[in-house]
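Observations on the three-dimensional arrangement
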Amino acid sequence: LFSALLKSSFTLPECRSVAALQDHLVCFLPGTLALGVHNGLPGDHMDLAVQLMETCYQMYKRMETGLSPEIAHFSMQASEGQDVIVKVRLCFHSFRPCQTKMLLVVLQPADRHNLLRPETVESLFYMHRFTKDSKYRDWGWDILQSFNKYTKVPTDPLLLGFITLAVFPNVFSSLKVPGGGYTSINNVGDPANPGPRDKMESFFLGETLKYLYLLFSDDMELLSLDKYIFNTEAHPLPIWPSPPK
């Protein structure tokens, strides 16, 4: 089960089509559905959550690095073997509606990068909290291990030494060199050369690692989902009780 892309035209509704692909950004949805069921929405929403969660995890597991692409394409043909695919997307422009694309604009590997996004581990956190199923922790651990293997970068001691000597000359002699952080990568399909971008998005610290920490915590009341609601940037906001009528 996946959330497909509906392509349509406001002026030419007959050109509507469905693309068998799913953005990683959609992977917040299993957690949102589970949260809705926890707060009284229909129970069959949890069935959707479970199936979508499986798909989001497979977007990681089926890749050679164990990391999800920005966009996963799905094969609808049983004979093709692999059903989760990263494509080198062809971008076209068409000057005639609903006809064969006429002009090739650019060929780019638009879908195969990983930006350390939080949506899948966010949903794993919600699914584990509500179902207590340990497989969601296991899936989160697999993802973290892949982050550590393919996106973690060391600090250059020489560069750090120059910076520290210039800014904090008195502490240079006792400096302990820390890890250098994590980087986005260009190609989740190439474990030998994933193509580090030398760039770590702030949401990796503010969201991805926060949800992984909560997923692995044994304290199920830590930021209880009956007392707090997380906004889209993973900031916990208290739920105030309704005033008595």
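Every value quoted in this text rests on a predicted model; they were computed, and no experiment measured them.

Within the protein chain one finds six helices and eleven strands. A sequence separation of at least 24 residues applies to 58% of the contacts in the protein chain between residues at least 6 apart. Carbon and sulfur atoms form 58% of the exposed surface of the protein chain, whose accessible area is close to 14800 Å².

Turning our eyes to something else, we now look at the packing of helix H1 (residues 29–38) against helix H3 (residues 119–131). Contact geometry of H1 with H3 gives a least axis separation of 7 Å together with a crossing angle of 30 degrees. Of the possible angle classes, the one that applies to H1 and H3 is roughly parallel. Read as a crossing pair, H1 and H3 show a hand that is left-handed. Across the interface between the two elements, Leu29, Pro30, Gly31, Ala34, Leu35 and His38 of H1 pack against Ser123, Tyr126, Met127 and Phe130 of H3. In terms of residue class, the contact of H1 with H3 is made up of seven nonpolar, three polar and no charged.

Here we come to the packing of aromatic side chains. This structure, assessed with the given rule, holds ten aromatic pairs. Look at Phe125 and Phe230: their rings are 5.9 Å apart centre to centre, the planes differ by 85 degrees, and that puts the pair in the edge-to-face class. One end of the pair, Phe125, is in helix H3; the other, Phe230, is in strand S10 (residues 228–230), with 105 residues separating them in the sequence. Here Phe125 matches Phe230 in class, with each residue buried. Between Trp141 and Phe216, the aromatic rings sit 5.9 Å apart at their centres with planes inclined by 70 degrees, giving edge-to-face as the arrangement. With Trp141 in helix H4 (residues 135–150) and Phe216 in helix H6 (residues 202–216), the pair connects residues that are 75 residues apart, well separated along the chain. Residue classification places Trp141 among the partly exposed positions, given a relative accessible area of 44%.

Right, let's talk about H3 for a bit. If you check H3, its first and last C-alpha atoms are 18 Å apart, about what 13 residues at 1.5 Å a residue would give, namely 18 Å. Within H3, twelve of the 13 residues are buried, which leaves the element mostly enclosed by the surrounding structure. Among all positions in H3, only Glu119, Thr120, Val121, Glu122, Ser123, Leu124, Phe125, Tyr126, Met127, His128, Arg129 and Phe130 are buried. Where H3 is buried, its residues contact H1, helix H2 (44–61), H4, H6 and S10.

Glancing now at the state of the cysteines. Covalent bonding between the sulfur atoms of two cysteines is what defines a disulfide. Overall, the coordinates contain one disulfide when judged by the stated rule. The disulfide partner of Cys27 is Cys56, and the gap between their sulfur atoms is 2.1 Å. Classification of the bridge connecting Cys27 and Cys56 rests on its S-S torsion, roughly -100 degrees, and on that basis the disulfide is left-handed. With a gap of 29 residues between them, Cys27 in the loop between strand S3 (21–23) and H1 and Cys56 in helix H2 connect regions that are remote in the sequence. For the pair shown, Cys27 and Cys56 are each scored as buried.

In this section: unusual backbone geometry. Backbone geometry follows two general trends: most residues other than glycine have a negative phi, and most peptide bonds adopt the trans configuration. Located in the positive-phi region is Leu116, a residue other than glycine, with phi close to 65 degrees. Mapped onto the elements of the fold, Leu116 is located in the loop between strand S7 (103–107) and H3. Not every positive phi belongs to a glycine, and Ala234 is a case in point at roughly 65 degrees. Assignment of secondary structure puts Ala234 in the loop between S10 and strand S11 (236–238).

The topology assignment puts Val37 in helix H1. Between the C-alpha atom of Val37 and that of Phe130, which follows or precedes it by 93 residues, the distance is 9.4 Å. Residue contacts for Val37: discarding those within four places in its chain leaves Pro42, Gly43, His45 and Met46.

Cut-offs and rules
- Residues numbered from 1 in each chain as written.
- Predicted model: local features only at pLDDT ≥ 70, side-chain atom pairs only at ≥ 80, totals over all residues.
- Heavy atoms only, no water.
- Helix = DSSP H or I, 4+ residues; strand = E, 2+ residues; numbered from the N terminus.
- Contact = heavy atoms within 4.5 Å.
- Areas by Shrake-Rupley, 256 points an atom, 1.4 Å probe, with all protein chains shown as cover.
- Axes fitted to C-alpha atoms, helices over the stretch in contact; angles between N-to-C directions.
- Parallel < 35°, antiparallel > 145°, perpendicular 65-115°, else oblique.
- Left-handed = near helix turned anticlockwise from the far one by under 90°.
- Nonpolar A, V, L, I, M, F, W, Y, C, P; charged D, E, K, R; others polar.
- Phe/Tyr/Trp six-rings, centres within 6.5 Å; stacked < 30°, edge-to-face > 60°.
- Buried < 20%, exposed > 50% of the residue type's maximum accessible area, 1.4 Å probe, protein only.
- Expected span 1.5 Å × (residues − 1).
- Disulfide = S-S within 2.5 Å.

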